[in-house]
Amino acid sequence: MTVRTRFAPSPTGYLHIGGARTALFSWLYAKKMGGKFILRIEDTDRERSTEESVNAILEGMDWLGLDYDEGPFYQTHQFDRYKEVIQKLLDDGNAYYCECSKDRMTQVREQQMANKEKPRYDGCCREKQLVASVNTVVRFKNPMEGDVVIDDVVKGRVVINNRELDDLVIARTDGTPTYNLTVVVDDWDMKITHVIRGDDHLNNTPRQINILNALGAELPIYAHVPMILGSDGKRLSKRHGAVSVMQYKEDGYLSDGLINYLVRLGWSHGDQEVFSREEMIGAFDLSGINSSASTFNPEKLNWLNQQYMMNMSVTDLSHELEKGLHNRGVECDAGPDVSSVTELLRERNQTLNALVEESFYFYRDFDEFDAKAAKKHLKVSSADALSHLYSSLSELGDWDAKKIHAIIEKVAEQLEVGMGKVGMPLRVAVTGSGSSPSIDLTVALLGKEKTLARIEMAQEYVRRRAEAA
């Protein structure tokens, strides 16, 4: 048997974290088993489905590297096939026409709720043998006895009595098919062997199994993946980070970093945290999926992304840095070698955006200092340190990190103060903030001309502060 999995999003929005993880698990299992991964766009909800959402899904899949073997297939292209299957169910006595109005159904449900019964269709038209009209829907004739047994790979054995299920609508009054019908037909026609999807679909599964049985179709294996929760224990939403996967690209995450985070969000393989794609495929198994919900942890995502940044080649990461600077209107021609800046900053940043932002001061002059850092380190008492540094660095011929470090040490000795009383004013002066890598390496890369000009600016700031005192 050739394993065939599918990812079947509805194009009513972007590709979000939950959907991306479902796609990833389906993709990994197909790759692991040497099977096929199919992309199906479930666009029968014509009011909510948009071409923009379709493009967003395709773009997200492409960025994540989740290549599909077949598709994308669109349900709106299959209406003739759905009509054919609905007719077969009618002809075989497994479906019937129903003329119950919305008003009648509302009254029935209100009465059932008043009687503390489960709201459901009462079977009013089940045996009427009605014919099609402009007011009729088609309902599936659900079995009235027996159980539906789901041997779910993740959830375990789930048993639903057929009396808990009602006769669901499979075609609307305008003839268009409903979700549960189209999913069944597509999975049947596409020979899907494993349905891996969110556990919010578990309630639909017994209904779909009954339709598959009525059609004489072979049942797929089901694996319902628990939902992702926010740190507050509630269902993941935008405030937790449930945004478009493309937003993560915009925020400076690497696709490999996000993929690695998603695979560990509900699946485990010993204590291993960092996986290459090849390792993921080799290790992945449906039995490793956790049966309980997972919690989205932005800090863990940041850590994993940083691991990938640290393990990237300097050439590739430098390219990303240069591209990020260019996109923000900052060119690298007037600054140090980008690869040198990359080497200096790569272990300090968890996203590409953070790397780009920290490198600004190497390539772009600034007009003011960070207020908090300047207040703390560019004091009136810093004037002597800045003056000595300017004088000594001006005379330095060989602009070298070791020699710069020696000058900082010498100034601290001359003024009989700690290294911080010299290094921190210098750091704020040349970077504009109180944070940077080793100050000697930073100054060495920044270059003599920019360093001296920024020390002068810091001296002017201290003078103005002294005058205002």
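Residues numbered from 1 in each chain as written. Predicted model: local features only at pLDDT ≥ 70, side-chain atom pairs only at ≥ 80, totals over all residues. Heavy atoms only, no water.

Draft legend 1. Representation of the overall build of the chain within the structure. Looking only at helices and strands, the chain features 19 helices and 12 strands. Taking 23 Å as the expected radius of gyration for a compact globule of 469 residues, we find that the chain reaches 32 Å, considerably beyond that expectation. By sequence separation, contacts in the chain at least 24 residues apart represent 75% of the contacts at least 6 residues apart. Roughly 23,100 Å² of accessible area belongs to the chain as shown, and the carbon and sulfur atoms make up 46% of that amount. One way to put it: in the chain the 57 positive side-chain charges average out to a point 5 Å from where the 71 negative ones average out. (Helix = DSSP H or I, 4+ residues; strand = E, 2+ residues; numbered from the N terminus. Rg over C-alpha atoms; globule rule 2.2 N^0.38 Å. Contact = heavy atoms within 4.5 Å. Areas by Shrake-Rupley, 256 points an atom, 1.4 Å probe, with all protein chains shown as cover. Lys, Arg positive; Asp, Glu negative; His and termini not counted. Charge placed at Lys NZ, Arg CZ, Asp CG, Glu CD.)

Draft legend 2. Here's a closer look at the packing of aromatic side chains. Applying the stated criterion across every chain, the model contains 9 aromatic pairs. Arranged with centres 5.6 Å apart and planes meeting at 90 degrees, the rings of Tyr261 and Phe296 form a pair that is edge-to-face. Residue Tyr261 is located in helix H8 (residues 255-263), and its partner Phe296 is located in the loop between strand E12 (294-295) and helix H10 (298-311); the two are separated by 35 residues in the primary sequence. Of the residues examined, Phe296 reaches a relative accessible area of 4% and is grouped as buried. When the centroid spacing of 5.6 Å and the interplanar angle of 55 degrees are considered together, the rings of Trp267 and Phe275 count as tilted. Under the relative-accessibility criterion, Phe275 is labelled buried at 1%. Sitting over the face of the ring of Tyr121, Arg139 holds its NZ or CZ atom 3.6 Å from the ring centroid. The cationic tip of Arg364 hangs over the ring face of Phe360; the distance from NZ or CZ to the ring centre is 4.3 Å. (Phe/Tyr/Trp six-rings, centres within 6.5 Å; stacked < 30°, edge-to-face > 60°. Buried < 20%, exposed > 50% of the residue type's maximum accessible area, 1.4 Å probe, protein only. Lys NZ or Arg CZ within 6 Å of the ring centre and 35° of its normal.)

Draft legend 3. Layout of the pairing of strand E5 (residues 137-140). Because side chains alternate across E5, one face comprises the buried residues Val137 and Arg139, and the other comprises Val138 and Phe140, equally buried. Direction of pairing for strand E4 (residues 95-98) relative to E5: antiparallel, over a ladder of 4 bridges. Paired with Ala95 across the strands is Phe140, a residue of E5. (Pairing = 2+ DSSP bridges.)

Draft legend 4. Fine view of the sheet that holds strand E8 (residues 169-171). The antiparallel open sheet is built from 3 strands, whose spatial order is E4-E5-E8. Whereas interior strands pair on both sides, the edge strands pair on one side only; in this sheet they are E4 and E8. Along the sheet, successive strands turn relative to each other by an average axial angle of 45 degrees, direction set aside. In terms of strand pairing, E5 meets E8 through 2 bridges, oriented antiparallel. Following the sheet pairing, Val138 is matched in E8 by Ala171. (Axes fitted to C-alpha atoms, helices over the stretch in contact; angles between N-to-C directions.)

Draft legend 5. Representation of the pairing of strand E3 (residues 70-74) within the structure. Two elements, strand E2 (residues 36-41) and E3, share 3 bridges in a ladder whose sense is parallel. The residue of E3 that forms the bridge with Ile38 is Glu70.

Draft legend 6. Representation of the layout of surface pockets within the structure. Volume-wise, the largest pocket comes out at about 830 Å³. Here the lining of the largest pocket is composed, by residue class, of 15 nonpolar, 9 polar and 7 charged. In this structure, the second largest pocket spans a volume of roughly 490 Å³. Considering the residues around the second largest pocket, the lining is formed by 18 residues, among which Lys249, Tyr253, Glu320, Lys323 and Leu352 are closest to the centre. Contributions of two or more residues to the lining of the second largest pocket are made by helix H7 (245-250), H8, helix H11 (314-327) and helix H13 (352-363). In terms of residues, the lining of the second largest pocket owes the most to one element, H11, which gives 4 residues. (1 Å grid on protein atoms, 1.4 Å probe; cavity = no way out; pocket = protein on both sides within 12 Å on 5 of 7 lines; lining within 4 Å. Points joined across faces, edges and corners; volume = space filled by probe spheres on them. Nonpolar A, V, L, I, M, F, W, Y, C, P; charged D, E, K, R; others polar.)

Draft legend 7. Structural detail: a positive patch on the surface. On the surface, Lys372, Lys376, Lys379 and Lys421 cluster together into a patch of positive charge. Relative to the elements of secondary structure, Lys376 occurs in helix H14 (residues 371-377). Under the relative-accessibility criterion, Lys376 is labelled exposed at 56%. (Patch = residues over 30% accessible without salt bridge, like charges linked within 9 Å, V, L, I, M, F, W, Y side chains within 5 Å. Salt bridge = Lys/Arg side-chain N within 4 Å of Asp/Glu carboxyl O.)

Draft legend 8. The arrangement of the pattern of salt bridges in detail. In total, this model carries 27 salt bridges according to the counting rule given. Residue Asp199 is joined to Lys155 by a salt bridge in which the shortest nitrogen-to-oxygen separation is 3.0 Å. With Asp199 in the loop between strand E9 (194-198) and helix H6 (205-215) and Lys155 in the loop between strand E6 (147-152) and strand E7 (156-161), this pair connects stretches of sequence that are 44 residues apart. According to the relative accessible area criterion, Lys155 is partly exposed, its value standing at 31%. The shortest N-O distance in the salt bridge between Glu460 and Arg463 comes to 2.9 Å. Residue Glu460 and its partner Arg463 are both found in helix H19 (residues 448-468); the two are separated by 3 residues, about one turn of the helix.

Draft legend 9. Up close: helix H2 (residues 51-64). With 14 residues, H2 extends 20 Å between its outermost C-alpha atoms, agreeing within 8% with the 20 Å of an ideal straight helix rising 1.5 Å per residue. Within two residues after H2, Gly65 carries a phi angle of roughly 75 degrees, on the positive side. (Expected span 1.5 Å × (residues − 1).)

Draft legend 10. A look at the nonpolar core. Ranked by internal contacts, the top residues of the largest apolar core, which has 48 residues, are Leu325, Phe362, Tyr363, Leu378, Leu389, Leu393 and Leu426. If one sorts the elements of this core by residue count, H13 sits on top with 7 residues. If we skip the residues at most four places from it in the chain, Tyr363 touches Leu325, Val330, Glu331, Cys332, Gly335, Pro336, Asp337, Val338, Val341 and Lys450. Ranked by size, the runner-up nonpolar core spans 47 residues in total, among them Ala23, Leu39, Val263 and Leu286. (Core = buried A, V, L, I, M, F, W, Y, C linked by side-chain atoms within 4.5 Å.)

Draft legend 11. Structural view of helix H15 (residues 383-395). Over its 13 residues, H15 runs 19 Å from end to end, which matches the ideal 18 Å to within 8%, given 1.5 Å per residue. By the burial criterion, the buried members of H15 are Ala385, Leu386, Leu389 and Leu393. Along H15, the residues classed as buried sweep out an arc of 95 degrees about the axis, all on the same side. Tucked inside the fold, the buried residues of H15 contact helix H16 (401-415), helix H17 (420-431) and H19. (Arc of directions from axis to C-beta.)

Draft legend 12. Looking closely at unusual backbone geometry. The omega angle of the peptide bond from Gly71 to Pro72 is 5 degrees, so this bond is cis rather than trans. Tracing the sequence through the fold places Pro72 in strand E3. Within the chain, Lys191 stands out as a residue other than glycine whose phi angle is a positive 55 degrees. Among the secondary structure elements, Lys191 is positioned in the loop between helix H5 (179-189) and E9.

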